[in-house]
Amino acid sequence: INGRGLITTSGTVVTGDETNFQSQLRTDNAILAGVSTANNKTREEMRVITMVLSPISISLSSAFSNDLKNPTPFTFINKPRDIHKEHATKAQMAKEEQEAIESQAMGTYRGNARGEVVYREKN
């Protein structure tokens, strides 16, 4: 996917010009850019994004072989989503939140089929 804007790098820090990294990129996506070699040729290199810091700043897992000193177009590849893991994580967080609420409870009210309300205290 073509990235919006241009990038420059200094080590593992990427700075964007007219980019919006927060809406376009996620941690663990791959970013690709043309890097100049010693013999003035361009070689495309790929790096993994470790943090999306702002609309104009991201951090990479490792630096490109040469810093991108001139604003350079880039492309990126989205990391495939693990839907099962996302659902499991969401369910686990909901369970932990419910357990936290219940552990803080001083007492609970519960109705039964006859319309009676029972008050129980947690020991």
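The coordinates are above.
In this text the structure is predicted, and so the values were computed from the model without any measurement.

Thoughts on the overall build of the protein
Step number 1: Each helix and strand counted, the protein has 2 helices and 8 strands in total.
Step number 2: Element order for the protein, N to C, with α for helix and β for strand: β-β-α-β-β-β-β-α-β-β.
Step number 3: Burial analysis of the protein (123 residues in total) assigns 24% to the buried set.
Step number 4: A separation of at least 24 residues holds for 53% of the contacts in the protein among residues at least 6 apart in sequence.

Quick look at the pattern of salt bridges
Opposite charge on two side chains permits them to pair, given that their charged atoms come into close proximity.
Step number 1: The tally for this structure, following the rule as stated, stands at 3 salt bridges.
Step number 2: With a closest N to O distance of 2.8 Å, Arg43 and Glu45 form a salt bridge.
Step number 3: Given a relative accessible area of 7%, Glu45 falls into the buried group.
Step number 4: One salt bridge connects Glu45 with Arg47, and the closest N-O pair in it is separated by 3.0 Å.
Step number 5: The exposure class of Arg47 is buried, given its relative accessible area of 17%.
Step number 6: Taken together, the shared-partner salt bridges in this structure form one network comprising Arg43, Glu45 and Arg47.

Examining the nonpolar core
Step number 1: With 14 residues, the main nonpolar core has Ile7, Phe21, Ile31, Ile58, Leu60 and Phe64 as its most contacted residues.
Step number 2: Elements with a minimum of two residues in this core: strand E3 (30-36), strand E5 (57-60) and strand E6 (74-77).
Step number 3: Ranked by residues supplied to this core, first place goes to E3 with 3 residues.
Step number 4: Setting aside anything within four residues of it in sequence, one finds Phe64 in contact with Thr9, Gly11, Ile31, Ala33, Val35, Glu45, Met46 and Arg47.

Looking at the packing of aromatic side chains
Step number 1: One pass over the full model with this rule turns up 1 aromatic pair.
Step number 2: Their ring planes at 70 degrees and their centres at 6.0 Å tell us that Phe21 and Phe74 sit as a pair that is edge-to-face. One end of the pair, Phe21, is in helix H1 (residues 21-24); the other, Phe74, is in strand E6, and 53 residues separate them in sequence. The same class applies to Phe21 as to Phe74, namely buried.

Notes on the side chain of Arg47
Step number 1: Mapped onto the fold, Arg47 is located in strand E4 (residues 42-54).
Step number 2: Among the polar contacts listed, one links the side chain of Arg47 to the side chain of Ser62, at a separation of 3.4 Å.
Step number 3: Excluding residues that lie within four positions of it along the chain, Arg47 makes contacts with Asn29, Ala30, Ile31, Leu60, Ser62, Ala63, Phe64 and Ser65.

With respect to the sheet that holds E3
Step number 1: Spatially, E1-E2-E5-E4-E3-E6 is the arrangement adopted by the 6 strands of the open sheet, whose pairing is antiparallel. Strand pairing shows two members of the sheet lacking a second neighbour, strand E1 (6-10) and E6, which therefore form its edges. Taken pair by pair, the neighbouring strands of this sheet meet at an average axis angle of 40 degrees, ignoring direction.
Step number 2: Looking at chain direction, E3 and E4 are connected through 7 bridges and run antiparallel. Bridge pairing in E4 places Ile31 opposite Arg47.

Definitions and cut-offs
- Residues numbered from 1 in each chain as written.
- Predicted model: local features only at pLDDT ≥ 70, side-chain atom pairs only at ≥ 80, totals over all residues.
- Heavy atoms only, no water.
- Helix = DSSP H or I, 4+ residues; strand = E, 2+ residues; numbered from the N terminus.
- Buried < 20%, exposed > 50% of the residue type's maximum accessible area, 1.4 Å probe, protein only.
- Contact = heavy atoms within 4.5 Å.
- Salt bridge = Lys/Arg side-chain N within 4 Å of Asp/Glu carboxyl O.
- Core = buried A, V, L, I, M, F, W, Y, C linked by side-chain atoms within 4.5 Å.
- Phe/Tyr/Trp six-rings, centres within 6.5 Å; stacked < 30°, edge-to-face > 60°.
- Polar contact = N/O pair within 3.5 Å; in protein donor to acceptor, adjacent residues only side chain to side chain.
- Pairing = 2+ DSSP bridges.
- Axes fitted to C-alpha atoms, helices over the stretch in contact; angles between N-to-C directions.

Nothing here speaks to function; it is geometry throughout.
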